[in-house]
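Chains, contacts and geometry: an overview
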Amino acid sequence: MSAQFTLAPLPWNEKALEPVISARTISLHYHKHHQTYVDTLNKLVEKTQFAGMKLEEIVQATAAATDDKEKKIFNNAAQVWNHDFYWRSLTPGKTEPSGKLASAITRDFGAVSTLISELAEAGKDQFGSGWAWLVAKDGKLAIEKTADAQTPMAKGVKCLLTVDVWEHAYYLDYQNARPKYLEAVLGKILNWDFAAANLGQQDDATAGAGAGTRAAAE
Ligand code: MN
């Protein structure tokens, strides 16, 4: 039986984010961490009611799970989705907020630099492993932080950008200096075009990463 989920390709080559994130970090993070979440998820969902379901549906269906196996399914499914979303939140090409996104940033934060400071604070404040997010919620842009595999998408919140603050995302390049990693990522390689595209999608809060992790061919 073929695997339900496959590891989506990276949107750039593994050296592309240097010197902000090294090829060594990307390689380990993608081929070991992200791949393991995909492989574990495939094993866990086999012959369950989650077999054949879309990734987003599995995340949302298991977000409040109390059963141990369903909690594991949530953790792995959410980490597959979060990593797909993270890779696409980063780009080696310099981008700037434009159009509707730029107006929304001015309206809700005053300036891009304020948004970046708040996103950096959220990443620093997240105790232990987790994620910092730019989301659109209740008609406004907002910053959120989540622990471990938790994701705003699980509650149907529209995600615009994310930054992984698990140690594996930065330890080889920055050791324990999470603030330095955040400063470099947020200042140099955020993909504002991806954020703008996500904001532009009015009808589906989960559409931002929908194309990333494809179900394997039937
Ligand atoms: Mn990670």
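Let me sum up the structure you'll find in this document. Worth saying up front: this structure is predicted, and the values here are computed from it rather than measured.

Okay, the overall build of the protein chain next. Looking only at helices and strands, the protein chain features eight helices and three strands. Helices and strands in the protein chain line up, N terminus first, as α-α-α-α-α-β-β-β-α-α-α. Here the protein chain has a C-alpha radius of gyration of 17 Å; the compact-globule value for 218 residues is 17 Å, and the two agree. Considered along the principal axes of its C-alpha atoms, the protein chain spans approximately 50 × 40 × 30 Å. Each of the 218 residues in the protein chain was classed as buried or not, and the buried ones make up 50%. On the protein chain, the mean spot of the 23 positive side-chain charges and the mean spot of the 26 negative ones are 2 Å from each other.

With that out of the way, let us pick up the environment of alanine 169. Counting through the fold element by element, alanine 169 comes out in the loop between β3 (158–164) and α6 (171–174). In sequence terms alanine 169 and threonine 25 are 144 residues apart; their C-alpha atoms lie 6.9 Å from each other.

Once that is clear, we can look at the pattern of salt bridges. All chains considered together, the criterion is met by four salt bridges. Note that aspartate 68 is salt-bridged to lysine 71, the shortest N-O span being 3.9 Å. Taken together, the positions of aspartate 68 and lysine 71, both in helix α3 (residues 68–89) and three residues apart, correspond to about one turn of that helix. Glutamate 121 is the partner of lysine 124 in a salt bridge, and the nearest nitrogen-oxygen pair spans 3.3 Å. Of this pair, lysine 124 and glutamate 121 both sit in helix α5 (residues 112–125), three residues apart, which is roughly one turn of that helix. Judged by relative accessible area, lysine 124 falls into the partly exposed class, the value being 37%. Judged by relative accessible area, glutamate 121 falls into the partly exposed class, the value being 40%.

For helix α2 (residues 55–62), every residue scored as buried is listed here: Leu55, Glu56, Ile58, Val59 and Thr62. Looking down the long axis of α2, one finds its buried residues gathered within 160° of arc, a one-sided arrangement. Against α1 (23–45) and α3 lie the buried residues of α2.

Pairing in this open sheet of three strands is antiparallel, and the strands run β2-β1-β3 from one edge to the other. Among the strands making up the open sheet, the edge pair consists of β2 (140–147) and β3. Shown here is a sheet whose adjacent strand axes are inclined to one another by a mean of 20°, direction ignored. Bridge analysis of strand β1 (residues 130–137) against β3 gives six bridges, and the strand direction is antiparallel. Bridging from a neighbouring strand, alanine 132 pairs with valine 163 of β3. Contacts from helix α4 (residues 99–109) reach β1, β2 and β3, with the element oriented near 80° to β2. Across the face of the sheet, α5 comes into contact with β1 and β2 while running at roughly 15° to β2.

For the manganese ion, the full set of protein donor atoms is His29 (NE2), His83 (NE2), Asp164 (OD) and His168 (NE2), and the range of their distances to it is 2.0 to 2.1 Å. Counting the intervening residues between successive donors of the manganese ion yields the motif H-x53-H-x80-D-x3-H. Pair noted here: histidine 83 is in helix α3 and histidine 168 is in the loop between β3 and α6, with a separation of 85 residues, a long-range link. Histidine 83 gets classed as buried once you look at its relative accessible area, which sits at 0%.

This next bit is on the packing of aromatic side chains. Per the counting criterion, the structure on display carries eleven aromatic pairs. Ring geometry for tryptophan 81 against phenylalanine 85: centres 4.9 Å apart, planes inclined by 15°, an arrangement best described as stacked. Within this pair, tryptophan 81 and its partner phenylalanine 85 are both found in helix α3, separated by four residues, close to a single helical turn. In this structure tryptophan 81 comes out as buried when scored by relative accessible area, which is 1%. On the basis of relative accessible area, phenylalanine 85 is assigned to the buried category, the value being 0%. On the basis of an interplanar angle of 40° and a centroid distance of 6.1 Å, the ring pair of tryptophan 131 and tryptophan 133 is categorised as tilted.

Definitions and limits used
Residues numbered from 1 in each chain as written. Predicted model: local features only at pLDDT ≥ 70, side-chain atom pairs only at ≥ 80, totals over all residues. Heavy atoms only, no water. Helix = DSSP H or I, 4+ residues; strand = E, 2+ residues; numbered from the N terminus. Rg over C-alpha atoms; globule rule 2.2 N^0.38 Å. Buried < 20%, exposed > 50% of the residue type's maximum accessible area, 1.4 Å probe, protein only. Lys, Arg positive; Asp, Glu negative; His and termini not counted. Charge placed at Lys NZ, Arg CZ, Asp CG, Glu CD. Salt bridge = Lys/Arg side-chain N within 4 Å of Asp/Glu carboxyl O. Arc of directions from axis to C-beta. Contact = heavy atoms within 4.5 Å. Pairing = 2+ DSSP bridges. Axes fitted to C-alpha atoms, helices over the stretch in contact; angles between N-to-C directions. Donors = N, O, S within 2.8 Å, 3.2 Å for Na, K, Ca; no water. Phe/Tyr/Trp six-rings, centres within 6.5 Å; stacked < 30°, edge-to-face > 60°.

Purely geometric numbers; function is a separate question.
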